Protein chains: 2
Amino acid sequence: MKPTIRDVAKLAGVSISTVSRVMNAPETVVPEKRQRVQEAIERLRYKPNAFARGLIYKKSDTFGVMIPDIENPYYAGLLRGIQDAAAEMNHSVIICNTDRDRSRMLAYVRNLFEKQADGIIFASDSLHRELYDELKRSRLPFVLVSTDAPEYDAPSVDIDNEQAACEAVRHLIELGHREIGMIGFPVGNTISGAPRLAGFRRALAEAGLDHCASHVEFAAHRFEDACEAAGRLFVRAPQITAVFAASDEFAMGVIAYARDHGRSVPDQLSVVGFDDIRMARMFIPRLTTVEQPVYQIGVRAVHKLHELMVNGEVSVLHERLPHRLIVRESTAGLRV
Amino acid sequence: MKPTIRDVAKLAGVSISTVSRVMNAPETVVPEKRQRVQEAIERLRYKPNAFARGLIYKKSDTFGVMIPDIENPYYAGLLRGIQDAAAEMNHSVIICNTDRDRSRMLAYVRNLFEKQADGIIFASDSLHRELYDELKRSRLPFVLVSTDAPEYDAPSVDIDNEQAACEAVRHLIELGHREIGMIGFPVGNTISGAPRLAGFRRALAEAGLDHCASHVEFAAHRFEDACEAAGRLFVRAPQITAVFAASDEFAMGVIAYARDHGRSVPDQLSVVGFDDIRMARMFIPRLTTVEQPVYQIGVRAVHKLHELMVNGEVSVLHERLPHRLIVRESTAGLRV
DNA sequence: AACGGGTTTGAAAAGCTTTTCAGGGTCATT
DNA sequence: AATGACCCTGAAAAGCTTTTCAAACCCGTT
């Protein structure tokens, strides 16, 4: 059996109160006893029971992270930032892979609530009404990541997706491209769907290329979906010379499809991705893409959550971290 | 404040014992009261406090997963299997990213112990003495994944790394290659280092190619390391026409290096990887590699841990799941 | 020597649930 | 009508820690 504070007390020949004090306010007990107690703790390898503590302090030093898909490198990077920041402050993180399944999300929230998690970080899924209500009812502090949902006034950390998308497309335009397509996330379903599409349109409008605004196909989330979407896009608008992909994985899908159909990148087709996942550097050709400070986003999310837990409120509600266009090898000037 | 069982009891006009019974053995309370209690529970959205329960049942329905690097797609896949299996049985998983840092691992184990985790899944890191002792002392059930450490008699789930490596190299030999190199994990540091190297050597010996046994370079873990290692390998043995890489990420590193130095894959160099991470299908060229049933490994690990928690022992100590060579585009017959 | 102040200590309560135990009630049987 | 058997219910204990409160002690002062 695990030793309890009683065992320590007995071994040291003091009361349990004294043992407790040695751990929480050592200066209030005389050095001699303090020493004895500390030795007993060491000898028994005593560690206070988190359940009993939780009962008193009403917190578990644990929070949950809900993400759609751990295998997606973007979330993996996020998770890493989150985990590091959490470990830094001695908190544990419980991971909840939602697969974008609503009932699963709901179940996770209830479970986290029951397990007395101190808070929730909610990443990238669309926050539907029912879930939002459950979250509110549970009174669990939560912050949104890569999920700006202005209709709910929940704290969030993100980049400026519209602006970033706009810059990516501008890059293509500056290279001389005039027939540009996009592979986007489905707008209703995924949060970054709408703003990235808006950024695409804005860049087009600025350059007077509105005729391209309909050169858009949507893909669920994975590489394979993007390949198919690329196929549809090339049927719909065979003349395009450049594609803005809403994620690096999509960009790879487009490039793979293009290669399989005899169009080489970047010579005959320029492709710009989004996220700068680690793979973007490893892919051939190396991907031109928009870098998100994904690790930092994770760290900030934890700090924000912590702020929320401690103060009950947060100084800046919606936080936006800087992004950056990184030009590598998958885009090139238009050859006429 | 969160409602407690007391609030429910008061609202329903019964004692707390009755409320508890309604939740844990409903048939022992008369239907009329049962109904009233259930209504009260609904109304207050009462959920029993996990701390109090934990104090009684002495378990948290939570376990920890220690992995070296979430961003490594191999571990992400593993984690997904683990998480799904855990959710299936209503358990939570706490994630611990070790970065292969010994003191961090030790700290995680202590933390998990203190938080009353029910068990630990330990993946891929080398299990050094100190950690093993801590684990044993903590009495926490644990299972090893991709970490066969025969010197400790701990339950494990893995594939047959040596055999798999051997088959990968045989594939190269069957394609006609006679000058074969390898990029491996450092042997002491990483667990899959030694067996994969042994498999490489065995295949060479079988084919009478022992002169290749020294065509080996080691890389830490990442793509960039593999690029450098590839550079060293080509200096050491410029004549090689094929490379066995101990991971898909290494394979990509080799291919990237080769391409940057004017050797195209697979025409002038065949490369076989290991793991079949999702990216292996997306890379150009698509990677020939050894598939590990990574999701299944995660699932089995959870089941094994559960078995261990419930029975205190496990029916088969070391479990080996099947692997499979997948031939794609990064290997080709030798042109003379 | 007695008193007062401060320090140190232990007993007990609180936090929330489950479970044991005993008491109260109901019904049937004699 | 009394007894017994059985069902249902509530009080209380247990699980482990922290914290409050009061008692005990020490020292110095008058």
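Please read these numbers as outputs of a predicted model, since none were measured by experiment. (Residues numbered from 1 in each chain as written. Chains lettered and ligands numbered in written order. Predicted model: local features only at pLDDT ≥ 70, side-chain atom pairs only at ≥ 80, totals over all residues. Heavy atoms only, no water.)

Draft legend 1. Inspection of the overall build of chain A at higher detail. Scanning chain A for helices and strands turns up 13 helices and 12 strands. A principal-axis box enclosing the C-alpha atoms of chain A has dimensions of 90 × 40 × 35 Å. Classification of the 336 residues of chain A by burial places 57% in the buried group. For chain A, the exposed area adds up to about 13800 Å²; of that, 51% sits on carbon and sulfur atoms. Of the charged side chains in chain A, 42 are positive and 44 negative; the average position of the first set lies 7 Å away from that of the second. (Helix = DSSP H or I, 4+ residues; strand = E, 2+ residues; numbered from the N terminus. Buried < 20%, exposed > 50% of the residue type's maximum accessible area, 1.4 Å probe, protein only. Areas by Shrake-Rupley, 256 points an atom, 1.4 Å probe, with all protein chains shown as cover. Lys, Arg positive; Asp, Glu negative; His and termini not counted. Charge placed at Lys NZ, Arg CZ, Asp CG, Glu CD.)

Draft legend 2. Here's a closer look at the sheet that holds strand β9 (residues 270-272) of chain B. All names here are of chain B. Judged by pairing direction, the sheet is parallel, and its 4 strands sit side by side in the order β7-β6-β8-β9 without closing on themselves. Looking at which strands have only one partner, the edges of the open sheet turn out to be β7 (216-218) and β9. Pairs of neighbouring strands in the sheet enclose a mean axial angle of 20°, with direction left out of account. Both strand β8 (residues 242-245) and β9 contribute to a ladder of 3 bridges, which runs parallel. Residue Val 243 lies in a different strand from β9, and its bridge partner there is Val 271. Across the sheet, helix α8 (residues 161-174) is in contact with β6 (180-184), β8 and β9; its angle to β8 comes to roughly 170°. (Pairing = 2+ DSSP bridges. Axes fitted to C-alpha atoms, helices over the stretch in contact; angles between N-to-C directions. Contact = heavy atoms within 4.5 Å.)

Draft legend 3. Quick look at the side chain of A:Lys115. Tracing the backbone through its elements, the reader meets A:Lys115 in the loop between α6 (102-114) and β3 (119-123). One buried charge, A:Lys115, has no salt-bridge partner; the nearest side chain with opposite charge is B:Asp61, at 5.5 Å. The contact partners of A:Lys115, leaving out residues within four places of it in the chain, are A:Ser60, B:Ala50, B:Ser60, B:Asp61, B:Thr62, B:Asn90, B:His91 and B:Ser92. (Salt bridge = Lys/Arg side-chain N within 4 Å of Asp/Glu carboxyl O.)

Draft legend 4. Molecular detail of the protein's contact with DNA strand D. Around DNA strand D there are 29 residues in total, and A:Ile5, A:Tyr46, A:Ile56, B:Thr18 and B:Arg21 lie nearest to it. For DNA strand D, the backbone makes up 64% of the atoms found within 4 Å of the protein, where backbone means sugar plus phosphate. One nitrogen or oxygen atom from the main chain of A:Asn49 is found 3.2 Å from a phosphate oxygen belonging to DNA strand D. A distance of 3.2 Å separates a sugar or linking oxygen of DNA strand D from a polar side-chain atom of B:Lys58. Those elements that provide at least two residues to the surface near DNA strand D are α1 (5-12), α2 (16-24) and α4 (50-57) of chain A together with α2 (16-24) and α4 (50-57) of chain B. Broken down by element, the surface near DNA strand D gets its largest block of residues, 6 residues, from α2(A). Looking at the surface near DNA strand D residue by residue, the classes come out as 14 nonpolar, 9 polar and 6 charged. (Near = heavy atom within 4 Å. Polar contact = N/O pair within 3.5 Å; in protein donor to acceptor, adjacent residues only side chain to side chain. Nonpolar A, V, L, I, M, F, W, Y, C, P; charged D, E, K, R; others polar.)

Draft legend 5. Structural detail: the UniProt feature "domain: HTH lacI-type" (unreviewed entry) in chain A. UniProt's feature table lists "domain: HTH lacI-type" (unreviewed entry) at residues 3-57 of chain A, given in the numbering used throughout. End C-alpha to end C-alpha, residues 3-57 of chain A measures 21 Å, and it is 71% helix and 0% strand. (UniProt positions renumbered as here; feature names shortened; annotations may be inferred.)

Draft legend 6. Seen up close, the protein's contact with DNA strand C. Near DNA strand C there are 28 residues, and of these A:Thr18, A:Arg21, B:Ile5, B:Tyr46 and B:Ile56 occur at the shortest range. Sugar and phosphate atoms represent 64% of those atoms of DNA strand C found within 4 Å of the protein. The contact in question runs from a phosphate oxygen of DNA strand C to an N or O atom on the backbone of A:Val30, over 3.4 Å. Residue B:Ile5 places a main-chain N or O atom 2.4 Å away from a phosphate oxygen belonging to DNA strand C. Elements that contribute at least two residues to the surface near DNA strand C include exactly α2 and α4 of chain A together with α1 (5-12), α2 and α4 of chain B. The element that contributes the greatest number of residues to the surface near DNA strand C is α2(B), accounting for 6 residues. Per-class residue counts for the surface near DNA strand C are 13 nonpolar, 9 polar and 6 charged.

Draft legend 7. Summary view of the domain arrangement of chain A. Structurally, chain A comprises domain 1 (5-57), domain 2 (62-159 + 294-322) and domain 3 (161-291). Measuring from the centre of the C-alpha atoms in domain 1 of chain A to the corresponding centre in domain 2 of chain A gives 36 Å. (Domains from an automatic or database assignment.)

Draft legend 8. Here's a closer look at the side chain of B:His91. Checked against the element boundaries, B:His91 lands in the loop between α5 (73-88) and β2 (92-97). In contact with B:His91, other than residues within four places in its own chain, are A:Lys115, B:Asp61, B:Thr62, B:Phe63, B:Ala86, B:Asp118 and B:Met309.

Draft legend 9. Broad picture of the pairing of strand β5 (residues 156-159) of chain A. All names here are of chain A. Along β5, one buried face is formed by Ser 156 and Asp 158 and the opposite face, lined by Val 157 and Ile 159, is buried too. In the sheet, strand β4 (residues 142-145) pairs with β5 via 2 bridges, with the strands oriented parallel. Opposite Leu 144, over in β5, you have Ser 156 as the bridge partner. For β5 and strand β11 (residues 318-321), the ladder comprises 4 bridges, and the chain directions are parallel. Across the sheet, Asp 158 pairs through a bridge with Arg 320, a residue of β11.

Draft legend 10. Seen up close, a nonpolar patch on the surface. Together, A:Leu55, A:Ile56, A:Tyr57, B:Leu55, B:Ile56 and B:Tyr57 make up a nonpolar patch on the protein surface, roughly 660 Å² of accessible area in all. Elements with a contribution of two residues or more to the nonpolar patch: α4 of chain A together with α4 of chain B. As for its placement among the helices and strands, B:Leu55 is situated in helix α4. By relative accessible area, B:Leu55 is classed as partly exposed at 33%. (Patch = residues over 30% accessible without salt bridge, like charges linked within 9 Å, V, L, I, M, F, W, Y side chains within 5 Å.)

Draft legend 11. Here's a closer look at the interface of chain B and chain A. Between chain B and chain A, the residue contacts involve 65 residues of the former and 65 residues of the latter. Between chain B and chain A, the buried area comes to about 6100 Å², and carbon and sulfur atoms account for 54% of it. Between A:Arg80 and B:Glu71 there is a salt bridge whose closest N-O contact spans 3.6 Å. Summed over the shared surface of chain B and chain A, the result is 27 residue pairs in polar contact (both at pLDDT 80 or more). A total of 7 residues in the side of chain B that touches chain A trace back to one element, the largest contributor, which is α5(B). Its residues assigned to classes, the side of chain B that touches chain A comprises 26 nonpolar, 12 polar and 27 charged. (Buried area = accessible area lost by both parts, 1.4 Å probe.)

Draft legend 12. How the structure looks around the nonpolar core. The biggest cluster of nonpolar side chains holds 160 residues, and the ones touching the most others in it are A:Phe244 and B:Phe244. Contacts of B:Phe244, omitting those with residues within four sequence positions, involve B:Ala165, B:Ala168, B:Val169, B:Leu172, B:Gly181, B:Met182, B:Ile183, B:Arg196, B:Phe200, B:Val272, B:Gly273 and B:Phe274. Of all hydrophobic cores here, the second largest spans 44 residues; its members include A:Ile94, A:Leu106, A:Tyr108 and B:Tyr108. (Core = buried A, V, L, I, M, F, W, Y, C linked by side-chain atoms within 4.5 Å.)

Draft legend 13. Just the sheet that holds strand β7 (residues 216-218) of chain A, in detail. All names here are of chain A. The strand order across the open sheet built from 4 strands is β7-β6-β8-β9, with neighbouring strands paired in parallel fashion. Two strands close off the open sheet at either side, each with one partner strand: β7 and β9 (270-272). On average, each strand axis in the sheet is inclined to that of its neighbour by 20°, with strand direction left out of account. Packed onto the sheet, helix α9 (residues 193-206) meets β6 (180-184), β7 and β8 (242-245) and runs at close to 175° relative to β6.

Draft legend 14. The arrangement of the packing of helix α10 (residues 223-236) of chain B against helix α11 (residues 248-260) of chain B in detail. Residues and elements named next belong to chain B. In contact at an axis separation of 7 Å, α10 and α11 are set at 55° when each is read in the N-to-C sense. Between α10 and α11, the angle falls in the class oblique. Regarding α10 and α11, the two cross each other, and that crossing is right-handed. Residue-level inspection shows Phe 223, Ala 226, Cys 227, Ala 230, Gly 231 and Phe 234 of α10 in contact with α11, the latter providing Glu 249, Phe 250, Met 252, Gly 253, Val 254, Ala 256 and Tyr 257. Grouping the amino acids of the contact of α10 with α11 by side-chain chemistry returns 10 nonpolar, 2 polar and 1 charged. (Parallel < 35°, antiparallel > 145°, perpendicular 65-115°, else oblique. Left-handed = near helix turned anticlockwise from the far one by under 90°.)

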